[in-house]
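Secondary and tertiary structure notes
Take a look at the letters that make up each chain.
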Amino acid sequence: MKTPSVAPAAVSQTTPQIITLSGCWTALGLGAHAQDLVLRPATAQALLAVDASGIEALDTAGAWVLHTLLAGPRGDGAMLSLRGLPTEFSALLESVRQHAMAQAHEVVPAVLAAPSVWENTGRGAVSALAQFLAMLSFVGESAQALVVWLQHPSRIRWRAVLFNLRSAGFDALAIVGLLSFLLGVVVAYQGADQLRQYGANIFVADLVGLSMLREFAPLITAIIVAGRSGSAYAAQIGTMAVTEEIDAMRTLGLSPQELLVLPKMLALVIALPLLTVFADARGILGGMVMAKTQLGVGFGEFLDRLVKAVSITSYLVGIGKAPLFAAIIVVVGCFQGFRTQGGADSVGRQTTRSVVQSIFLVIVADALFSVAFSLLDM
């Protein structure tokens with residue numbers, strides 16, 4: 001099948017003041033000579049008009065070339081006038097001209113300067129506020145799911161709770177016990193020299209007992225669990241968000257908070273106080289070993305003094321912090337997991353944020369507890 005012949009677009013100068021256009025001013029008629037058709041009359045100094053009565057066909061490509069020819073730069077700076085253009089082509093040329101004018105008046109964005117310190121601070125504050133509000137919304141949704149659990153206990157997923165209790169609690173005993181033992185050793189060792197100078201060796205039990213049971217044991221346990229389990233929560237939920245499993249749950253009418261958040265919350269609220277008790281025992285053991293080695297305080301003497309030095313209130317203060325620390329770890333880890341978007345890079349980024357924010361909030365909460373207990377004289 002042969003392609004129908006098309007008269008090529010042409011430009012001819014009939015008089016010194018007039019050029020005549022002819023042929024098909026279309027993409028096919030222009031071919032590869034569009035630039036030549038535009039530049040050829042630009043060098044003529046006496047041109048005043050363009051006669052377009054010979055144009056047989058016109059499309060957007062031809063209209064654009066024709067507009068460029070009329071508006072193109074000339075040596076004398078004079079503008080060309082158009083005449084004889086068939087009426088059916090005028091609307092198309094005017095549309096192209098309007099489009100070109102709109103493009104010419106568009107503001108070209110300037111190269112932005114590097115943001116100042118104040119601008120970065122403002123953006124960071126706005127981003128932090130938006131994340132805080134999103135976290136409040138997440139906490140509200142989780143609280144609503146918890147109310148549903150309390151109203152319908154049969155909806156509690158006990159298998160998921162027991163699984164998380166094992167993974168976040170029992171499996172963490174080794175690392176929590178080791179680090180708590182070493183922390184007790186460090187506390188006793190740092191106080192040994194000062195106590196020995198004053199002949200107050202026995203008071204190492206006061207130092208280790210109060211510091212470990214009231215502050216260090218719940219804090220170090222929460223930090224370990226935040227790095228170990230909080231990151232796992234964020235990575236698990238983040239991967240589910242990337243693979244659209246959470247969207248599938250919502251499509252099926254299932255609550256992601258009820259299935260993913262509350263079992264972890266319940267399990268960790270149970271596990272973290274128990275881990276804290278274990279950390280207390282291991283920290284005291286480390287302090288006893290160091291007291292025996294450095295200060296000559298026997299195990300029996302150490303325990304006798306420990307019972308007198310540490311009240312039940314101080315012990316319960318340390319245990320009482322654990323449930324709040326557990327709630328912080330679960331909320332932050334799951335929240336950052338739900339905010340995952342994109343691919344594996346986003347999963348890693350949100351996991352890192354969950355660990356950093358969990359540890360930060362746990363330390364802030366511990367500081368607030370210390371201030372509150374000091375004001376209450378506890």
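I will try to describe carefully the structure that is included in this document. Residue numbers restart at each chain and count upward from 1, following the sequence in its written direction. Where totals are concerned, whole chains, interfaces and linings use all residues; where local detail is concerned, this predicted model gives features only for residues with pLDDT of at least 70, and gives and counts side-chain atom pairs only at 80 or more. To get the side-chain values, all heavy atoms of the structure are used, and hydrogens and water are removed first.

Quick look at the pairing of strand β1 (residues 10-15)
The condition is simple: When DSSP finds two or more bridges between a pair of strands, those strands are recorded as paired. Each helix is a run of H or I in the DSSP string that is no shorter than four residues. Each strand is a run of E no shorter than two, and both are numbered from the N terminus.
For β1 and strand β2 (residues 18-25), the ladder comprises five bridges, and the chain directions are antiparallel. Bridging from a neighbouring strand, T15 pairs with I18 of β2. Hairpin connection of β1 to β2: two residues between the antiparallel strands.

Topic: the sheet that holds strand β3 (residues 49-58)
Test applied: Comment: axis = line fitted to C-alpha atoms, over the contacting stretch for helices; angle = value between 0 and 180 degrees taken between N-to-C directions.
A sheet is described by the order of its strands in space; here four strands give the open sequence β1-β2-β3-β4, paired in mixed fashion. Two strands lie at the open edges of the sheet, namely β1 and β4 (81-83), each paired on one side alone. Here the average twist between neighbouring strands, direction ignored, is 30°. Pairing of β2 with β3, which is carried by seven bridges, proceeds in the parallel orientation. Bridging from a neighbouring strand, G23 pairs with I55 of β3.

Structural notes on the pattern of salt bridges
When charged atoms on two side chains of opposite charge get close, those side chains can pair. Basically, it comes down to this: One side-chain nitrogen of Lys or Arg within 4 Å of one carboxyl oxygen of Asp or Glu is enough to make a salt bridge. Exposed residues in this analysis have more than 50% of their type's maximum accessible area, buried residues have under 20%, and partly exposed residues fall in between, with area computed by a 1.4 Å probe over protein chains only.
Tallying each qualifying case throughout the model produces nine salt bridges. Measuring nitrogen to oxygen at the nearest pair gives 2.7 Å for the salt bridge that ties E119 to R123. Remark: R123 and E119 occur in helix α5 (residues 117-151); sequence separation between them is four residues, near one turn of the helix. Since its relative accessible area comes to 34%, E119 is described here as partly exposed. For R123, a relative accessible area of 52% puts it in the exposed group. Among the salt bridges present, the one from R349 reaches D345, with a minimum N-O distance of 2.7 Å. Of this pair, R349 and D345 both sit in helix α13 (residues 344-375), four residues apart, roughly one helical turn. By relative accessible area, R349 is classed as partly exposed at 36%.

Some words on the layout of surface pockets
Empty space among the atoms becomes apparent when a probe as large as a water molecule is rolled across them. Our working definition: Think of a 1 Å grid over the protein atoms and nothing else: a 1.4 Å probe that fits but is trapped marks a cavity, an open set flanked by protein within 12 Å on at least five of seven lines marks a pocket, and residues with an atom within 4 Å of a point count as lining. Grid points are joined across faces, edges and corners, and a volume is the space filled by probe spheres set on the points. By the convention adopted, Pro, Cys, Tyr, Trp, Phe, Met, Ile, Leu, Val and Ala count as nonpolar, Lys, Arg, Asp and Glu as charged, and the other residues, Gly among them, as polar.
There is about 210 Å³ of room inside the largest pocket. Together, G124, S127, A128, Q131, F132, M135, Q357 and L361 line the largest pocket. Those elements that provide at least two residues to the lining of the largest pocket are α5 and α13. Top element by residues in the lining of the largest pocket is α5. It accounts for six residues. In terms of residue class, the lining of the largest pocket is built from four nonpolar, four polar and no charged. Empty space within the second largest pocket amounts to approximately 160 Å³. Forming the boundary of the second largest pocket are L213, V277, D280, A281, I284, L306, V310, S311 and Y315.

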